[in-house]
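Coordinate analysis (summary)
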Amino acid sequence: MSTGPGADSAPAPAIHDTPTAPAPARRASMFSSLRVRNYRLFFIGQVVSNIGTWMQRIAQDWLVLGLTGSATAVGVTTALQFLPMLLFGLYGGVLVDRLPKRRTLLFTQSAMALTGIALAVLSLSGHVQVWHVYVAAFAVGLATVLDNPARQTFVSEMVGPEQLQNAVSLNSANFQSARLIGPAVAGVMITGVGTGWAFLFNGLSFVAPLAGLLLMRSRELHVVERAPRGRGQLREGLHYVAGRPDLIWTIVLVGFVSTFGFNFPVYLSAFADDVFHAGAGSYSLFNTLMAVGSLAGALLAARRGTARMRVLVAGAVAFGAMEIAASAVPSLWLFALLMAPIGMFGMTVNVTANSSVQLSTDPAMRGRVMALYMMVFMGGAPVGAPIAGWVTDVYGVRAGLASGGAISAAAAVTVGLVLARTGNLRLSVGWHHGHPRVRFVPREDRELATVA
């Protein structure tokens, strides 16, 4: 059994040069976790499946819009897909801690495959109605309640703690690559042969991850002891997080950034239409450049190989600052170019927070902790989007984007100071090899220097 860091007590938050988890002695190769056979099978399966997932997202929205002519109906579909995670996410984490991860994923991936095939049959036969799409979206959301924490925690069982940061980063790069390919393929397919074929591709794409799971070697997994069935396990998980400043404040920061900073469907569509009067083509360009930046951020995180709290805080500050800068630019092309660094710093926050939370958590608690993390991360959209829409309608989209960036940056600074105080750290500003360096260091350093 792998014990993992954080099993016995809460370590002091690491904001200075000490990583939040055990780090390899040298900088990791960008693709080092792909040397692990089980993870390589998982990664290849996810490449195919993620493309299908993005295709279904586009086809689903387009189908609902065609059936109803209502943007509100599209929003209802999205809400139904996220609602189960908000309602049952914590209970899903409890179950994931009790269940074998690979078998759980075989079940959830099969369930999501069936929803895609069912929508394909209904669409291709001409019998599809909007309530069918609603039911399918809710069913996918229910499967996600187990699938998401199971996938997050299964990564550590495949690669072990030393390669976890790299594997989490490559998973994000995988997803962002599919974000570049899937919508483009879906657009061509929907225009040429209809939405039903996009649904069918998504349903069949799950054959790849299912095959990868079946081909894995059980003896090579870093299997952790499963939590026994018992009463009060949900409460136990919440108490565990509440007693860990490094976990609770990381999740709080992610909550603020995802709720107020990640409302890009609201902001980017308004900038394209109302500010630059450029139409859907510019909206697509903004999203594409952001996906490119996100992919770069994921690959850079994979190259770093360690998850440091100072990287998380600095990334969130930079993300907020870039949003504030983008809100003020007068040119469409300058705004478009800023989408790449916004995507890169946003992905830095996502990957660093995800891997640091996993590495700092007792493996027996990891399912519950990651369920809470994903509930906060994914639950930010339904809460933040209406707020962002209201601010945009009343004060304008520039004010909306600037306020989202300001809240994200302020939350990062606040969390950084709280963790520094908790860890008995102080801010150090100086020069290192001819370059300015700002970091947090133990307060004892100053006392020793005074004595010397």
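Residues numbered from 1 in each chain as written. Predicted model: local features only at pLDDT ≥ 70, side-chain atom pairs only at ≥ 80, totals over all residues. Heavy atoms only, no water.

- If you check an unreviewed UniProt entry, the protein appears there as MFS transporter from Streptomyces humidus.
- According to the UniProt record, the Subcellular location (unreviewed entry) comment for the protein reads "Cell membrane". (UniProt positions renumbered as here; feature names shortened; annotations may be inferred.)

Structural notes on the overall build of the protein
- When its secondary structure is counted, the protein shows 16 helices and 2 strands.
- Put simply, the protein has 452 residues, and 49% of those count as buried.
- Put simply, 84% of the contacts in the protein that link residues at least 6 apart link residues at least 24 apart.
- Of the roughly 19,900 Å² of accessible surface on the protein, 66% is carried by carbon and sulfur atoms. (Helix = DSSP H or I, 4+ residues; strand = E, 2+ residues; numbered from the N terminus. Buried < 20%, exposed > 50% of the residue type's maximum accessible area, 1.4 Å probe, protein only. Contact = heavy atoms within 4.5 Å. Areas by Shrake-Rupley, 256 points an atom, 1.4 Å probe, with all protein chains shown as cover.)

Let's talk about the confidence of the model for the protein
- Mean pLDDT over the protein works out to 82, with 84% of the residues at or above the 70 mark.
- Per-element confidence in the protein is highest for helix 7 (residues 207-215), whose mean pLDDT is 95, and lowest for helix 16 (residues 444-451), whose mean pLDDT is 46.
- Overall, residues 1-26 carries pLDDT values under 50, and its contacts beyond four positions in sequence, including any with other chains, amount to 64 contacts. (pLDDT = per-residue confidence, 0-100.)

Here we look at the side chain of Thr 115
- Relative to the helices and strands, Thr 115 is located in helix 3 (residues 101-125).
- For Thr 115, the contacting residues outside a window of four places in its chain are Ala 136, Ala 139 and Val 140.

With respect to the packing of helix 9 (residues 245-261) against helix 15 (residues 397-422)
- Between helix 9 and helix 15, the shortest axis-to-axis distance is 8 Å and the interhelical angle comes to 175°. By the angle class used here, helix 9 and helix 15 are roughly antiparallel. Together, Pro 245, Asp 246, Trp 249, Leu 253, Phe 256, Val 257, Phe 260 and Gly 261 of helix 9 and Gly 404, Ile 407, Ser 408, Ala 411, Ala 412, Val 415, Val 418, Leu 419 and Thr 422 of helix 15 make up the contact between the two elements.
- For the contact of helix 9 with helix 15, the class distribution of residues is 12 nonpolar, 4 polar and 1 charged. (Axes fitted to C-alpha atoms, helices over the stretch in contact; angles between N-to-C directions. Parallel < 35°, antiparallel > 145°, perpendicular 65-115°, else oblique. Nonpolar A, V, L, I, M, F, W, Y, C, P; charged D, E, K, R; others polar.)

Describing a nonpolar patch on the surface
- On the surface, Leu 83, Leu 86, Leu 87, Phe 88, Tyr 91 and Leu 142 cluster together to form a nonpolar patch covering roughly 530 Å² of accessible area.
- If one sorts the elements of the nonpolar patch by residue count, helix 2 (residues 71-98) sits on top with 5 residues.
- Turning to its location among the elements, Tyr 91 is positioned in helix 2.
- Owing to a relative accessible area of 52%, Tyr 91 belongs among the exposed residues under this scheme. (Patch = residues over 30% accessible without salt bridge, like charges linked within 9 Å, V, L, I, M, F, W, Y side chains within 5 Å. Salt bridge = Lys/Arg side-chain N within 4 Å of Asp/Glu carboxyl O.)

Some thoughts on helix 5 (residues 164-192)
- Taking 1.5 Å as the rise per residue, helix 5 with 29 residues should run 42 Å; its terminal C-alpha atoms sit 41 Å apart, in good agreement.
- Arg 179 marks the point of greatest bend in helix 5, at about 30°, and the proline Pro 183 comes within the next four residues.
- Count one or two residues on from helix 5 and you reach Gly 194, which has phi positive near 110°. (Expected span 1.5 Å × (residues − 1). Bend = angle between axes of the 7 residues up to and from the residue.)

Here's the deal with the environment of His 222
- With respect to the helices and strands, the residue His 222 is situated in the loop between helix 7 and helix 8 (233-242).
- Spatially, the C-alpha atom of His 222 lies 6.1 Å from that of Met 158, the residues being 64 residues apart in sequence.
- Not counting chain neighbours up to four residues away, the residues in contact with His 222 comprise Ser 156, Glu 157, Met 158, Val 159 and Gly 160.

Section: the packing of aromatic side chains
- Evaluated as defined, the whole model comprises 14 aromatic pairs.
- Both rings, one in Phe 276 and one in Phe 335, keep their centres 5.6 Å apart while their planes meet at 55°; by these two values the pair is tilted. In this pair, Phe 276 is assigned in the loop between helix 10 (264-275) and helix 11 (280-304) and Phe 335 in helix 13 (residues 332-359), connecting sequence segments 59 residues apart. There is no split in this pair, since Phe 276 and Phe 335 are both buried.
- Here the aromatic cluster, defined as three or more aromatic residues joined through ring pairs, consists of Phe 262, Phe 264, Phe 319, Tyr 373 and Phe 377.
- Lying across the ring of Trp 54, Arg 57 places its NZ or CZ 4.6 Å from the centre. (Phe/Tyr/Trp six-rings, centres within 6.5 Å; stacked < 30°, edge-to-face > 60°. Lys NZ or Arg CZ within 6 Å of the ring centre and 35° of its normal.)

Some details on the packing of helix 1 (residues 37-68) against helix 6 (residues 195-205)
- Where helix 1 contacts helix 6, the axes come no closer than 8 Å and their chain directions differ by 150°. As the angle between them shows, helix 1 and helix 6 are arranged roughly antiparallel. Of the two elements, helix 1 crosses helix 6, and the hand of that crossing is left-handed. Counting all contacts with helix 1, which are made through Val 48, Ser 49, Ile 51, Gly 52, Thr 53, Met 55, Gln 56, Ala 59, Gln 60, Trp 62 and Leu 63, the residues of helix 6 involved are Thr 195, Ala 198, Phe 199, Phe 201, Asn 202 and Ser 205. (Left-handed = near helix turned anticlockwise from the far one by under 90°.)

Looking at the pattern of salt bridges
- Summed over all chains, the structure comprises 6 salt bridges.
- One salt bridge in this structure joins Asp 246 and Arg 244, with 2.9 Å as the shortest N-O distance. Both residues of the pair, Asp 246 and Arg 244, count as buried.
- One salt-bridge network, held together by shared partners, links Asp 97, Glu 236 and Arg 368.

Re the nonpolar core
- Ranked by internal contacts, the top residues of the largest apolar core, which has 48 residues, are Leu 253, Phe 286, Phe 335, Met 339 and Tyr 373.
- A total of 9 residues in this core trace back to one element, the largest contributor, which is helix 13.
- Counting 26 residues, the second-largest nonpolar core is a separate cluster that includes Tyr 39, Leu 105, Met 158 and Leu 213. (Core = buried A, V, L, I, M, F, W, Y, C linked by side-chain atoms within 4.5 Å.)

Observations concerning the side chain of Ser 156
- If you trace the backbone, Ser 156 turns up in helix 4 (residues 130-159).
- Relative accessible area serves as the criterion here: at 7%, Ser 156 is assigned to the buried category.
- Here the side chain of Ser 156 touches Thr 153 through a polar contact of 2.8 Å, landing on its backbone oxygen.
- Look past the residues within four positions of Ser 156 in its chain and what remains in contact with it is Leu 164, His 222, Gln 358 and Arg 366. (Polar contact = N/O pair within 3.5 Å; in protein donor to acceptor, adjacent residues only side chain to side chain.)

A closer look at the environment of Gly 367
- In this structure, Gly 367 sits in helix 14 (residues 366-395).
- With 276 residues separating them along the chain, Gly 367 and Tyr 91 place their C-alpha atoms 9.8 Å apart.
- If sequence neighbours within four positions are ignored, Gly 367 has contacts with Gly 93, Val 96, Asp 97, Pro 149 and Thr 153.

Some details on the environment of Arg 244
- For Arg 244, the position within the fold is in the loop between helix 8 and helix 9.
- Residue classification places Arg 244 among the buried residues on the basis of a relative accessible area of 3%.
- Arg 244 sits 117 residues away from Thr 361 along the chain, and the two C-alpha atoms are 9.4 Å apart.
- Side-chain polar atoms of Arg 244 contact the side chain of Tyr 240, separated by 2.8 Å.

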